[in-house]
Amino acid sequence: TGALAGSMPNNPNKASEYGEAAYNPPEGATALPASAAVTSSTASEKNGSTKTGSGKPPQGINAMIASLDRVRVDSGGQQLTTNQGVPIADNQNSLKIGLRGPTALEDFILREKITHFDHERISERVVHARGSAAHGYFECYQALGALTKATPFAEDGKQTPVFVRFSTVAGERGSTDTARDVRGFAVKFYTDEGNWDLVGNNMPVFFIQDAMKFPDLVHAVKPEPHFAMPQASSAHDTYWDFVSLMPESTHMLLWQMSDRAIPRSYRMMQGFGVHTFRLINAEGESVFCKFHWTPVAGTHALCWDEAVKISGADSDFHRRDLWEAIEAGAYPEWELGLQVFTEQQAEEFEFDVLDPTKLVPEELIPVIAVGKLVLNRNPDNFFAETEQVAFCTAHIIPGIDFSNDPLLQGRIHSYLDTQISRLGGANFHEIPINSPLAPVHNNQRDGMHRQAVARGRVSYEPNSLGGGCPFQAGGAKGFTSFAERVSEDKVRGKPEKFADHYSQAQLFWISQTPVEQQHIIKAFRFELTRVQTQAIRERVVSLLANVNAELAAGVADGLGFAVPAPALNISPLPPHTYDPSPPLSMSSYPASDIKTRRVAILIAPGIDGAMASSIYSALIDAGAVPRFVAAKLGEVKAGKLGLHAEISIEAGPAALYDAMVVPDGADGVAALLKDGNAIEFIKDQYRHCKPMLMMGAAEALLEKAGIPLNLPSEEKDPLIVGPDQPDAGKATKAFISAMTKHKEFGRETDPPAV
Ligand code: HDD
């Protein structure tokens, strides 16, 4: 699959940022791949090399990128040294007492190299270990001074640099990208009043209501401790044992079993701050707020069978997708929306806004668009940036404040704490990707790996010897918490409204399209089939029986038992009945174009080359990413043309593409008809509900793959284009428009017919 990346253009930002020199290392130096070429560190300046950029600030450069220049190292044209800067003469042989003798203990070069290597790995994140990240910026549409004094919202059009990391939750660092899981959506804003981290997920609710239960949840979902299986999967006994005993997780379980848990791309999923937060304005007035990120590319998912096959074909699927889109200049974009409401409004809601298993329906409080997020630059070094970035919910800035959500309150502690062991001490904020652009001045000193060289004799406050500096900013400038009146008993417990575990699960269920509902039933069936303990399966269905009879019956039927009695509902309040909320369905966020969509054009000798090329060009013009796919690499004779096969079917199977094409050409089609891999490819494209452009003779391939043909016009598959449209230009247009629909779920049967 590396070949897919190979034909992508380089990130134009990096080219203009670093100039051509970075791509043309001096003679004798090893040429780096262009995308890895970086330059302009203090070290290279010291060595006399200068930055040879275009002189204009390229798009995609921002103050954070510039701040990282300090630590960027480019070895192009440089000699090899030890960590002490001593030039190394021989990097092949250790120092020996005689060519056939023992290695000398004094070989400091060998020892330094091995010692460093021995300590290369750091512990992975306890959750969200697998992730990918990018730089970009947030741009505020209009000043929001009436709501908040938070500096990213201070002026119309203000831009704030960001670093964003997406992740799965349960899998380890090397695990597959397309596991069924919640996705993390963590945004670090490098604001001019310090770093603000909005550490969210791609689902607006959570499994549990109190941080006290987080270690239990994570222990349950992670690989089981005795044999360390399964990897990156919730489909096992301990997970379902735990959640089936925690009725508060029911709402989130429906989200997790929905297609949201198998996104097509990080670029095609929503993000949510989950908790209720506070905004505070300059007058000290506060409102509650929920944060929503909505992708411009629409929200799209994989089919489960597709996700499973992608895991085998390219377990880096989402990482590669994000990287390639940014390198190609197709910058992923999201709109930030706020739901803003007062404390009085919150009191009247039938749910508690401090309960993270509940969302605020958009019919109650609409989402207002306030700005956009653009990711326009890949990191230079995965470890230095993506791995070492430390997000902390405790990182907030003046104008933003926490609510008393007990899950959020626990998170405020957890993130800071975990970085201390993961990143080796209390100075993790000095790691370049974590250091704020805003200046840091305080009396915190020393500790492992301290970078700052604090000058002067004063490291305490108050002082007179340092002129009283650094001095307190005071309430007008400094961070102040919202002065909330609290007068209550100190207790362990939950508010009454927290006990309603099912009303919003019902809301989610009734807001899904029939197709989405079927997918949820199938996901429960899959996961619970993997569970080995019958009592656990039944307990899960007894929770679902409180949500919807059809849901419970569908899951129970799939597992071969009758619906058990509903789980005891302990809520003291009557259940609330909602009307469906369309924004909760993924189908409410379609794409308007086919930019970055991957299209396989299957070719074989004798295919109509002119048609294949014109379809290829039309797809490029529409912003899609077509690939000629053949039995093997190299030139494929196609009429008078030679087409260049970019990848083989074997290395680039169907699951890796959003859509497929077979051009006309009797001999080419005849060759494909004999290729079992090609038939398998077509079957999978069909089974995964993808758009297909099958021109002329290619209809025979549909037939061979067992795809229903000659249907009455009202039953015709709208996403199979071609056989009855001889004009390739018109057919391609129809195909491009079909591709914006992403998938044709009307094809689905259970079990699949093809
Ligand atoms: Fe968490 C990482 C999101 C509840 C404790 N969490 C982590 C990341 C994301 C979230 C996106 C990865 C950040 C990155 O890319 O580095 N977590 C959430 C959301 C939650 C949530 C949306 C509920 C609304 N988390 C949660 C609770 C606790 C934690 C209740 C503990 C009490 N989360 C952690 C952690 C992690 C983490 C252990 C692991 C690595 C890290 O923080 O940096 O502290």
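Small disclaimer: the values here were computed from a predicted structure and weren't measured. (Residues numbered from 1 in each chain as written. Predicted model: local features only at pLDDT ≥ 70, side-chain atom pairs only at ≥ 80, totals over all residues. Heavy atoms only, no water.)

A few points about the overall build of the chain
Item 1. Secondary structure assignment for the chain yields 22 helices and 18 strands.
Item 2. Computed over C-alpha atoms, the radius of gyration of the chain comes to 28 Å, within 12% of the 27 Å expected from 2.2 N^0.38 for 754 residues, which places it in the range of a compact globule.
Item 3. If you line up the chain on its principal axes, its C-alpha atoms span 90 × 80 × 60 Å.
Item 4. For the chain, the proportion of its 754 residues judged to be buried stands at 50%.
Item 5. When the accessible surface of the chain is summed, it comes to about 34,200 Å², and 55% of that surface belongs to carbon and sulfur atoms.
Item 6. For the chain, the separation between the mean place of its 68 positive charges and that of its 90 negative charges on side chains is 5 Å. (Helix = DSSP H or I, 4+ residues; strand = E, 2+ residues; numbered from the N terminus. Rg over C-alpha atoms; globule rule 2.2 N^0.38 Å. Buried < 20%, exposed > 50% of the residue type's maximum accessible area, 1.4 Å probe, protein only. Areas by Shrake-Rupley, 256 points an atom, 1.4 Å probe, with all protein chains shown as cover. Lys, Arg positive; Asp, Glu negative; His and termini not counted. Charge placed at Lys NZ, Arg CZ, Asp CG, Glu CD.)

Topic: the coordination of the iron atom of the ligand
Item 1. For the iron atom of the ligand, the sole protein-derived donor is Y415 (OH), lying 1.8 Å away.
Item 2. Along the chain, Y415 falls in helix α13 (residues 406-422). (Donors = N, O, S within 2.8 Å, 3.2 Å for Na, K, Ca; no water.)

A closer look at unusual backbone geometry
Item 1. Residues M229 and P230 are joined by a peptide bond in cis, for which omega reads -5 degrees.
Item 2. With respect to the secondary-structure elements, P230 resides in the loop between α6 (214-221) and α7 (237-244).
Item 3. That bond from E461 to P462 is cis: its omega, 5 degrees, falls within 30 degrees of zero.
Item 4. In this structure, P462 sits in the loop between α13 and α14 (503-510).
Item 5. Of note in the backbone geometry, A232 takes a positive phi value of approximately 50 degrees without being a glycine.
Item 6. Within the secondary structure, A232 sits in the loop between α6 and α7.
Item 7. Assessed through its relative accessible area of 11%, A232 is described here as buried.
Item 8. Within the chain, H742 stands out as a residue other than glycine whose phi angle is a positive 70 degrees.
Item 9. Mapped onto the fold, H742 is located in the segment after α22 (728-739).
Item 10. When its relative accessible area of 7% is taken as the criterion, H742 is described as buried.

Notes on helix α10 (residues 317-327)
Item 1. Of all 11 residues in α10, 9 are buried; the element is thus mostly enclosed.
Item 2. Within the span of α10, buried status applies to F317, H318, R320, D321, L322, E324, A325, I326 and E327.
Item 3. Of the residues one or two after α10, G329 is the one with positive phi, at around 85 degrees.

Quick notes on the layout of surface pockets
Item 1. In this model, the second largest pocket occupies a volume close to 980 Å³.
Item 2. Lining the second largest pocket are 47 residues, and of these V127, H128, F214, S414 and Y415 sit closest to its centre.
Item 3. Those elements that place two or more of their residues in the lining of the second largest pocket are β2 (159-168), β3 (183-191), β4 (194-201), α6 and α13.
Item 4. Ranked by residues supplied to the lining of the second largest pocket, first place goes to α13 with 10 residues.
Item 5. Looking at side-chain class alone, the lining of the second largest pocket contains 24 nonpolar, 15 polar and 8 charged residues. (1 Å grid on protein atoms, 1.4 Å probe; cavity = no way out; pocket = protein on both sides within 12 Å on 5 of 7 lines; lining within 4 Å. Points joined across faces, edges and corners; volume = space filled by probe spheres on them. Nonpolar A, V, L, I, M, F, W, Y, C, P; charged D, E, K, R; others polar.)

Points about the domain arrangement of the chain
Item 1. Domain boundaries in the chain define domain 1 (2-60 + 122-430) and domain 2 (598-747).
Item 2. Taken together, the contacts link 17 residues of domain 1 with 18 residues of domain 2.
Item 3. Both faces considered, domain 1 and domain 2 share a buried interface measuring about 1,500 Å² in area, 58% of it formed by carbon and sulfur atoms.
Item 4. On inspection of domain 1 and its partner domain 2, the count reaches 6 salt bridges. (Domains from an automatic or database assignment. Contact = heavy atoms within 4.5 Å. Buried area = accessible area lost by both parts, 1.4 Å probe. Salt bridge = Lys/Arg side-chain N within 4 Å of Asp/Glu carboxyl O.)

Here's the deal with the packing of α14 against helix α15 (residues 514-530)
Item 1. Look at α14 against α15: their axes get within 9 Å of each other, and the N-to-C directions meet at 120 degrees. Taken together, α14 and α15 sit at an angle that is classed as oblique. Facing α14, whose interface residues are F508, W509 and I510, α15 presents Q517, I520 and I521.
Item 2. Of the residues assigned to the contact of α14 with α15, the class counts are 5 nonpolar, 1 polar and no charged. (Axes fitted to C-alpha atoms, helices over the stretch in contact; angles between N-to-C directions. Parallel < 35°, antiparallel > 145°, perpendicular 65-115°, else oblique.)

Some thoughts on the site of the ligand
Item 1. Around the ligand sit 22 residues, and of these R125, R165, R411, Y415 and Q419 come closest.
Item 2. Here R125 contributes a side-chain N or O atom positioned 2.7 Å from an oxygen atom of the ligand.
Item 3. Contact distances for the ligand include 2.7 Å between a nitrogen atom and a side-chain N or O atom of Y415.
Item 4. Of the pockets mapped on this structure, the ligand occupies the second largest pocket.
Item 5. Sorting the residues of the shell around the ligand by element identifies β3, β4 and α13 as the ones contributing at least two each.
Item 6. Examining the composition of the shell around the ligand, we find that 6 residues originate from one element, α13, more than from any other.
Item 7. The class makeup of the residues in the shell around the ligand is 11 nonpolar, 8 polar and 3 charged. (Near = heavy atom within 4 Å. Polar contact = N/O pair within 3.5 Å; in protein donor to acceptor, adjacent residues only side chain to side chain. Sits in = over half its atoms within 2 Å of the grid points.)

Re the pattern of salt bridges
Item 1. One pass over the structure, following the stated rule, counts 33 salt bridges.
Item 2. In this structure, R278 engages E343 in a salt bridge whose closest nitrogen and oxygen atoms are separated by 3.4 Å. Taken together, the positions of R278 in strand β6 (residues 277-280) and E343 in helix α11 (residues 343-348) put the pair 65 residues apart, joining distant regions of the chain.
Item 3. Assessed through its relative accessible area of 2%, R278 is described here as buried.

A closer look at the packing of helix α18 (residues 609-621) against α22
Item 1. Contact geometry for α18 and α22: axes closest at 10 Å, N-to-C directions at 40 degrees. Here α18 lies oblique to α22, going by the angle between them. Considering the relative orientation of α18 and α22, their crossing is right-handed. Across from M611, I615, A618 and L619 in α18, the residues of α22 making contact are A728, T732, F735, I736 and M739.
Item 2. Grouping the constituent residues of the contact of α18 with α22 by class yields 8 nonpolar, 1 polar and no charged. (Left-handed = near helix turned anticlockwise from the far one by under 90°.)

Re the pairing of strand β14 (residues 641-645)
Item 1. Here strand β13 (residues 634-638) pairs with β14 via 5 bridges, running antiparallel. Across the sheet, residue A638 finds its bridge partner in β14, namely L641.
Item 2. Connecting β13 to the antiparallel partner β14 that follows it, the hairpin turn spans 2 residues, and G639 within it adopts a positive phi of roughly 65 degrees. (Pairing = 2+ DSSP bridges.)

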